[in-house]
Amino acid sequence: MTLEEKAGMCSGLDFWHLKGVERLGIPSVMVSDGPHGLRKQDDKADHLGINDSIKAVCFPPAVLSACSFDRALLAEMGTAIGKEAQATDLSVVLGPAVNIKRSPLCGRNFEYYSEDPYLAGEIAAAFIGGIQSQHVGTSIKHFAANNQEFNRMSCSSEADERTLREIYLPAFETAVKKAQPYTVMCSYNQINGTFASENPWLLTEVLRNEWGFEGYVMSDWGAVNDRVAGLKAGLELEMPSSGGINDREIIKAVKDGSLDESVLDRAVERILTIVYRYLDNRQEETLNLEGDHKLAQHIAEESIVLLKNEDKILPLSGQENIAFIGGFAKIPRFQGGGSSHINSFRVDSALDMVSAAGYTVTYAQGFPTTSDVYDETAAAEALRIAASADKTVIFAGLPDSFESEGYDRSHMRLPDCQNRLIDEILKVQPNTVIVLHNGSPVEMPWRNKAKGILEAYLGGQAVGAAVINILYGNVNPSGKLAETMPIKLSDNPAHLNFGDSDKVQYHEGIFVGYRYYDAKEMEVAFPFGHGLSYTTFCYSNLRTDKNTVTDTDTLTVSVDVTNTGDRAGKETVQVYVSDQTGCCRRPAKELKGFEKVALQPGETKTVSITLDARSFAWYNTDLHDWFVGSGTYEILVGASSRDIRETISVQMNSAQQIPLHIHMNTTFGELLSDPRTCEFGLTMKKKMDTFFGAPEEPEKSETASEAISDAMNDAMAASMPLRNVLTFGLCTKEELTEMIDKLNQL
């Protein structure tokens, strides 16, 4: 290839195609937005979904599908999308999106899986495996720390290394190590002052050297700041086309010697390897829209979360007089706005599907789906039919204009007109169920009054049928929340540090989502992992395959789960780990395993989950590596982060040790807390006690005892730096320096 051809391969041909080289027989291939369906644009191309795309199936977006807690289901969804991509000649599906839900306000949260990096990584790896089983690539995005839409193309996410490693990078790491996505899409934003598109630490040191990524890195659309710097850092493909501008920058840099041509060669080789992985495995597929529509319905049914079911108001009976209220019953909001917007070939509404199922309901719009206007006439009609019904189901949610790619929400409320009507209906009809259509948590001022709440999120094009099947008990709900629902926006840990335009400070650090709410012992509307069923489950006989483990072992955790109700159901067993070693400040517990199990009435199954050293580890910034401390860890197993059913302890004997960094300002408390320095610390403390005359002094007077207690002495000693032994003349500086040097060699 000529220099010009190689440089050209590193940017798009147009909005959706990569360049080919006709004289060498290298064809152009097409990529398309995902991740919950195909947005292939055959005519006018755009980034934000303004122009139409081909008719396709809109599967449940990530906000809902993650609530399935079901790896196999996400793999099945991925396989279907992979087959659709083969049928429409698409080489790469741009997804999944695994950015962490730092704040409920992020306008793109509906595309992201979770506030928890373990869950997001496991679900993403399964989805990627499904798509790529069809020899179609994925582009996991947006790498990394892309957690707001406001000024997303220029703002800098300011986060320390531990926060990045424990919260914002692990979902990508898990997906790369388990599923090897064909491509990774870098984000728009800067990370600690360096654009993701030209960040060698991110794109090369971490992604390739540490995690072993083998594909190519592409830019988000328009994310390139300095093309040559990006190429050096590990950004192979710029999307979309730059009209040749940046290609010429690459050529110029090679010619003037500022860019080694081998870097360009490597980038082109990586791109072509993936291109031919697709081309060499082309297969005949036909679009099975109806079949995929049924799969989309099944995924929604497995993911919708029953938040509340007081007095067993659900399931509904076909013999009851039921009122449906709210515009979303007729026109559901089933996906978000922006680059992932699917041109669905069909959309099921709850109102249509309840009739198709043979049930009779009375309907009133009550409020619109597109605006926040309280219509007195429509409200009066809704109140009339609600009061005369046996039970009322209100279909509420966020209009399209309230959340979308490109901007963040300004508050966490439903439209005022909806909250007002819900409140008025609850006064005349206490037997009310709220069905929510939203891409991110909303405040629920009526939460304690409504008897039932069903979180349908954005459920894909078949959401109407899925909701009806759950409302009427044809499907037993089994979804679990992939994020915490706070009571109000100001409870969120990022509340005071979200949405800045220049530098966005991640001051909450690792305490994101339930990690924060647990640390604060704060009441929440509904906790992470929560989800009810029409049956009940009992946990028993928690055990581990060993009581003592090392940092090279795996630990198998097993628990028996019994369906104690009268209908078949599915339960997601969640395993959390709590560090009791006191090694460092950590969350009260962290999700480290989960498994969904199906049980018939009265049936018991054993669920076993394997934990490895990483399940117990935290990221140590002195080591620049993961660290497992020795000591006690609690294994907590339950139905949600706040519904822990069984607990067991294990002892960790780790060979890892944090390097000693003893210096003049190291405290006696730090010396005493480390077995390697404890003896030295005790010796110096005794000298200090002797200096102050503690052993030789006569018994202290009552006044002295009140003024200086033993606890006070111990506390003062614990916080006293080593340099104070010089202050009190207990040794020379040379002697202390020599002792410090010896300690640091331990």
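Higher on the page you've got the structure.
Residues numbered from 1 in each chain as written. Predicted model: local features only at pLDDT ≥ 70, side-chain atom pairs only at ≥ 80, totals over all residues. Heavy atoms only, no water.

**Brief notes about the pairing of strand β10 (residues 305–309)**
Point 1. Summarising burial for β10: 5 of the 5 residues are buried, a large majority.
Point 2. In the sheet, β10 pairs with strand β16 (residues 452–455) via 4 bridges, with the strands oriented antiparallel. Bridged to K308 within β16 is I453. (Buried < 20%, exposed > 50% of the residue type's maximum accessible area, 1.4 Å probe, protein only. Helix = DSSP H or I, 4+ residues; strand = E, 2+ residues; numbered from the N terminus. Pairing = 2+ DSSP bridges.)

**Some words on the layout of surface pockets**
Point 1. Size it by volume and the largest pocket reaches roughly 730 Å³.
Point 2. Residue lining of the largest pocket: 28 residues in total, with I658, L660, S673, D674 and R676 positioned closest to the centre.
Point 3. Mapped by element, the contributors of at least two residues to the lining of the largest pocket are β24 (618–620) and α17 (668–673).
Point 4. For the lining of the largest pocket, the element with the most residues is α17, which contributes 3 residues.
Point 5. Partitioned by chemical class, the residues of the lining of the largest pocket number 10 nonpolar, 14 polar and 4 charged. (1 Å grid on protein atoms, 1.4 Å probe; cavity = no way out; pocket = protein on both sides within 12 Å on 5 of 7 lines; lining within 4 Å. Points joined across faces, edges and corners; volume = space filled by probe spheres on them. Nonpolar A, V, L, I, M, F, W, Y, C, P; charged D, E, K, R; others polar.)

**Notes on the packing of helix α13 (residues 376–388) against helix α14 (residues 416–428)**
Point 1. One can describe the packing of α13 onto α14 by two numbers: an axis separation of 9 Å at closest approach and a directional angle of 30°. By the criterion of interaxial angle, the relationship of α13 to α14 is roughly parallel. The two elements α13 and α14 meet at a crossing, and its hand is right-handed. Counting all contacts with α13, which are made through E376, A379, A382, L383, A386 and A387, the residues of α14 involved are R420, L421, E424, I425 and V428.
Point 2. The residue inventory of the contact of α13 with α14, partitioned by class, reads 8 nonpolar, no polar and 3 charged. (Axes fitted to C-alpha atoms, helices over the stretch in contact; angles between N-to-C directions. Parallel < 35°, antiparallel > 145°, perpendicular 65-115°, else oblique. Left-handed = near helix turned anticlockwise from the far one by under 90°. Contact = heavy atoms within 4.5 Å.)

**Observations concerning the pattern of salt bridges**
Point 1. If you walk through the whole model with that rule in mind, you get 52 salt bridges.
Point 2. D265 is the partner of K6 in a salt bridge, and the nearest nitrogen-oxygen pair spans 2.7 Å. Within this pair, whereas K6 is found in helix α1 (residues 3–9), its partner D265 is found in helix α10 (residues 261–279), the two being separated by 259 residues in sequence.
Point 3. Classification of D265 as partly exposed rests on a relative accessible area of 33%. (Salt bridge = Lys/Arg side-chain N within 4 Å of Asp/Glu carboxyl O.)

**Re the environment of T632**
Point 1. Its location among the elements puts T632 in strand β26 (residues 631–640).
Point 2. For T632, a relative accessible area of 31% corresponds to the partly exposed category.
Point 3. If near-sequence neighbours (up to four positions away) are discounted, T632 is found in contact with D579, Q580, T581, S649, V650 and Q651.

**Some words on α14**
Point 1. Helix length check: α14, at 13 residues, gives a terminal C-alpha distance of 19 Å against a target of 18 Å (1.5 Å per residue), a fit within 8%.
Point 2. Within α14, burial applies to C417, Q418, N419, L421, I422, I425 and L426. (Expected span 1.5 Å × (residues − 1).)

**Details of unusual backbone geometry**
Point 1. The peptide bond linking K141 to H142 adopts the cis configuration, its omega dihedral lying at -5°.
Point 2. Assignment of secondary structure puts H142 in strand β4 (residues 137–143).
Point 3. Phi at D311 takes a positive value of approximately 55°, unusual for a residue other than glycine.
Point 4. Structurally, D311 can be placed in the loop between β10 and β11 (322–325).
Point 5. For D311, a relative accessible area of 59% corresponds to the exposed category.
Point 6. Even without glycine at this site, E521 takes up a positive phi of about 50°.
Point 7. Tracing the sequence through the fold places E521 in the loop between α16 (514–519) and β18 (537–544).

**So, the sheet that holds strand β27 (residues 643–653)**
Point 1. The sheet built from 5 strands is open, its strands ordered β19-β27-β26-β21-β22 with mixed pairing. Of all strands in the sheet, those with a lone pairing partner are β19 (548–550) and β22 (590–599), marking the two edges. Adjacent strand axes in the sheet meet at a mean angle of 30° when their direction is disregarded.
Point 2. Where strand β21 (residues 569–579) lies against β22, 9 bridges are found, and the strand directions are antiparallel. Bridging from a neighbouring strand, Y576 pairs with L591 of β22.

**A few points about the sheet that holds strand β17 (residues 503–505)**
Through backbone hydrogen bonds, the strands of a sheet pair up, either in parallel or in antiparallel fashion.
Point 1. Read across the sheet, 4 strands follow the order β8-β7-β5-β17 without closing on themselves; strand pairing throughout is mixed. Looking along the sheet, the strands with just one partner apiece sit at the ends: β8 (194–195) and β17.
Point 2. Note that strand β5 (residues 156–158) and β17 share 3 bridges and pair parallel. Paired with S157 across the strands is V504, a residue of β17.

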